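Chain and residue survey
Here's the letter readout for the chains.
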Amino acid sequence: MTSLRFMLYQLRRNPLSIIGIVIILTFIIIAIFAPIIAPPPEGHIDPYMIPRDGYSPIPKPPNEEHLFGTTEGQYDIFYGVIWGTRSAFRVGLIVIGVVLVVGIVLGSLAGYFGGIIDEIIMRITDIFLAFPILILAMAITVALGPSPDNVIIALIIASWPSYARLIRGDILAVREEDYVEAARGMGGSHLRIITRHILPNSIYPTLVMASLDIGAVVLYAAALSFLGLGAQPGYVDWGQMISFSRNWIVGPPGNPLAYWYTVTIPGLFILLFVLGWNLLGDAFRDILDPRLSRK
Amino acid sequence: MELRAYIVRRLLLIIPVLFGVTLLIFGLLQLFSPVERAALYVTDPKQFANIAEVIEKYGLDQPVWVQYGHWITEIFQGNLGWSKVVSQPVTSAMLNFLPATLELAIFATPLIIFGGIFLGSKAAAHKDKAIDHATRLGAIVGWSLPTFWLGLMLLMVFYGLFSGLFPPERLSTEMNIVVHSEAFTQYTKLHIIDAILNGNGRVLLDSLRHLVLPVITLTVVNLAFIMRLMRSSMLEALGKGYILTARAKGLDENTVVSKHARRNALIPVLTVSGYIFAGLVNGVVITETIFNYKGLGWWAWQSAVNLDISGVLGFALFNGVLFVFTNLVVDLLYARIDPRVRLGGKVT
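What comes next concerns the included structure. What you are looking at is a predicted structure, and each value in this text was computed from that prediction instead of being measured.

**Some points on the overall build of chain A**
The number of helices and strands found in chain A is 12 helices and zero strands. Helices and strands appear in chain A in the N-to-C order α-α-α-α-α-α-α-α-α-α-α-α. Projected onto its principal axes, the C-alpha positions of chain A cover 75 × 45 × 40 Å. The 295 residues of chain A split such that 53% are buried. Look at the contacts in chain A between residues 6 or more apart in sequence, and 72% of them connect residues 24 or more apart. A total accessible area of about 13,200 Å² is found for chain A, and carbon and sulfur atoms account for 67% of it. Treating the 19 positive side-chain charges of chain A as one cloud and the 21 negative ones as another, the clouds have centres 8 Å apart.

The structure is reproduced here in structure tokens:
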């Protein structure tokens, strides 16, 4: 209980982490209440496709009907950014969730058993880590065929190795501790020792990295769909909405900022979403890093 | 362990990794049909007329290990296939696009490294002062910025609002003609250096103007990363006993910070310089795409959206191999600087 109170005290002391929590809570609310905030128009079949108001290529500025205006092809920006929150959570949570499970399983195997298992798993991570994430994810997406699900698969394949390595390292650090020896001496099974004694004492750095990485994953996914490797046109996706604005960065002569809303608004959503997770991850780190706490 | 033994061990470790890298790329290749895969072996567009012959020649219908043998032999001979998007062999496409990307990297890398180290240690030395808060905020916002969005916003302001101050692409049409004219010798294909060697001020100015925005875009995100790391590593160093000793013996604060603390704080930054390379490569693809700056990244993007697999996989393979060697250099430097690495054996 005292540690919880201490955690809350730490959180309160750092205004930046409060901002992070508020931002993420806001996005959670937006994602849950998307059908109420931006109700799909009547007769609209798939709510994950942005409704269009005509087919004119020229974006229209914010007006009563379209709160944030429309992009090229008359996709409603307000609807897109609100529902895009759901896609962002979907990518971030699925990728990080799967990567955590894979990383914990392989990292524990490598760190706990050592020897040949460790060697094999670590050499495999070496191979994957030899590629910059975006480049590997790009190649995998092209190989699997561009689609939102394949972007998720590609990001999972490209990012699990760093988790496996991190967990392995943290497990190595506690593997020889006395309490692990004691549990072993009392005849605890490997599974029990790993899940009850080792992981609870070595998982925190990984959880911090995971919370920081949700933002990074969403950035990579947005970049891939900006590059044209994500969803089909019209899917609720922030990265793609920005790619819709590419032809409208500079307005007509005399009014160069005429189409500012097409690029600025979806970009601000991505920025705030990622910023929120980064602030939150920083706060977690400050709380969980024993070297910093209780000084 | 002696330094020499460490180097030998580290060099030997490269072989399985490089082998694995080729296996991974080859594995991705297997997701395609033999007809699509043929593009990786073709060196001349005429060969596309007779795909069956290519499949026959490189054994694309034979067992996987036979194919791998053929494929790796071709790679060692410098044949990575045909890049449809630019209508030339992948190898020559890479050579042609490399100078443009190098030009970006030459400006961005020092900015990222020295800027990040400078700002990070400034922030740590003035912990909890205004400059610290400003750099921390800047770092966390910069780190959260979508590169592609930053680039487009810069373009909107500096190309749109300030009517063409910093334009996209690599050169203006007019200067492009000058560069490709008889009077202008392209020694290195790096426009800046060529312009200086040719004594052509207009080309120099023009290419500098075209470089400003891409370099900023590429720098901001990575600079934020180094800055954050440098700050925390510097804070840790400043809390060490030897700093107390240095202060106690009456050294002035400047020497303490720049000699005693910063040098030790640099070690963690050096270990992640591999990541900076990765960050640059990731960033180059996006930056060059936004600014229509025709370098390696732009070509990789073109290949990706046109599903031109020989281009995408060639680029990935090139980067994988380059990254492996970057990490090798980093590790060797690390062992040179920090004796704990080679003497203590494993660092966990």
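**Comments concerning the overall build of chain B**
Helices and strands together make up the secondary structure of chain B, namely 16 helices and two strands. The C-alpha extent of chain B, read off along each of the three principal axes, is 80 × 60 × 35 Å. A buried classification covers 49% of the 348 residues belonging to chain B. Residue pairs at least 24 apart in sequence account for 71% of intrachain contacts in chain B once pairs closer than 6 positions are excluded. Carbon and sulfur atoms make up 66% of the accessible area of chain B, which amounts to about 16,400 Å² in all.

**Some words on the pattern of salt bridges**
Applying the stated rule across the entire model yields 13 salt bridges over all chains. Taking the shortest distance from any N to any O, the salt bridge between Asp282 of chain A and Arg228 of chain B comes out at 2.6 Å. Of this pair, Asp282 of chain A sits in helix α12 (residues 260-288) while Arg228 of chain B sits in helix α10 (residues 201-238), each in a different chain. With respect to burial, Asp282 of chain A and Arg228 of chain B carry one shared label: buried. Residues Arg202 of chain B and Glu174 of chain B are paired through a salt bridge, measuring 2.8 Å at the closest nitrogen-oxygen approach.

**Let's talk about the packing of aromatic side chains**
Taken as a whole and judged by the stated rule, the model has 27 aromatic pairs over all chains. A ring pair is formed by Tyr75 of chain A and Phe244 of chain A, whose centres lie 5.0 Å apart and whose planes are at 0°; its orientation type is stacked. Taken together, the residues Tyr75 of chain A in the loop between α3 (34-37) and α4 (77-113) and Phe244 of chain A in helix α11 (residues 238-244) connect sequence positions 169 residues apart. One cation-aromatic arrangement involves Lys294 of chain B over Trp298 of chain B; the distance from NZ or CZ to the ring centre is 5.2 Å.

**So, empty space enclosed by the protein**
A water-sized probe, rolled over the atoms, reveals where empty space remains. Residues and elements named next belong to chain A. On inspection of all chains with the given rule, the structure shows three cavities of 30 Å³ or more. Approximately 100 Å³ is the volume found for the largest cavity. If you trace the largest cavity, you find it lined by Gly84, Ser87, Ala88, Val91, Val218, Ala221, Ala222, Ser225, Asp237, Trp238, Gly239 and Ile270. Those elements that place two or more of their residues in the lining of the largest cavity are α4, α10 (204-226) and α11. Of the residues belonging to the lining of the largest cavity, the class tally is seven nonpolar, four polar and one charged. Lining the second largest cavity are Ser87, Arg90, Val91, Pro148, Val151, Ala221, Ser225, Gly230, Ala231, Tyr235 and Asp237. Looking at the lining of the second largest cavity, the elements that each hand over two or more residues are α4, α7 (148-175) and α10. Per element, the largest residue contribution to the lining of the second largest cavity is three residues, and it comes from α4. Here the lining of the second largest cavity is built from residues that sort into six nonpolar, three polar and two charged.

**Observations regarding the interface of chain A and chain B**
Across the boundary between the two partners, chain A contributes 51 residues, which contact 50 residues of chain B. Summed over both sides, the interface between chain A and chain B buries roughly 4,400 Å², with carbon and sulfur atoms accounting for 80% of that surface. On the surface where chain A and chain B come into contact, there are six residue pairs in polar contact (both at pLDDT 80 or more). For the side of chain A that touches chain B, the secondary-structure elements that each account for two or more residues are α5 (115-129), α6 (133-144), α10, α11 and α12 of chain A.

**With respect to a nonpolar patch on the surface**
Residue and element names in this part refer to chain A. Taken together, the side chains of Val101, Val105, Leu109, Phe113, Ile116, Ile117, Ile120 and Ile124 present a nonpolar region at the surface, about 690 Å² in accessible area. Structurally, Val101 can be placed in helix α4. Here Val101 falls in the exposed class, since its relative accessible area comes to 54%.

Procedures and definitions
- Residues numbered from 1 in each chain as written.
- Chains lettered and ligands numbered in written order.
- Predicted model: local features only at pLDDT ≥ 70, side-chain atom pairs only at ≥ 80, totals over all residues.
- Heavy atoms only, no water.
- Helix = DSSP H or I, 4+ residues; strand = E, 2+ residues; numbered from the N terminus.
- Buried < 20%, exposed > 50% of the residue type's maximum accessible area, 1.4 Å probe, protein only.
- Contact = heavy atoms within 4.5 Å.
- Areas by Shrake-Rupley, 256 points an atom, 1.4 Å probe, with all protein chains shown as cover.
- Lys, Arg positive; Asp, Glu negative; His and termini not counted.
- Charge placed at Lys NZ, Arg CZ, Asp CG, Glu CD.
- Salt bridge = Lys/Arg side-chain N within 4 Å of Asp/Glu carboxyl O.
- Phe/Tyr/Trp six-rings, centres within 6.5 Å; stacked < 30°, edge-to-face > 60°.
- Lys NZ or Arg CZ within 6 Å of the ring centre and 35° of its normal.
- 1 Å grid on protein atoms, 1.4 Å probe; cavity = no way out; pocket = protein on both sides within 12 Å on 5 of 7 lines; lining within 4 Å.
- Points joined across faces, edges and corners; volume = space filled by probe spheres on them.
- Nonpolar A, V, L, I, M, F, W, Y, C, P; charged D, E, K, R; others polar.
- Buried area = accessible area lost by both parts, 1.4 Å probe.
- Polar contact = N/O pair within 3.5 Å; in protein donor to acceptor, adjacent residues only side chain to side chain.
- Patch = residues over 30% accessible without salt bridge, like charges linked within 9 Å, V, L, I, M, F, W, Y side chains within 5 Å.

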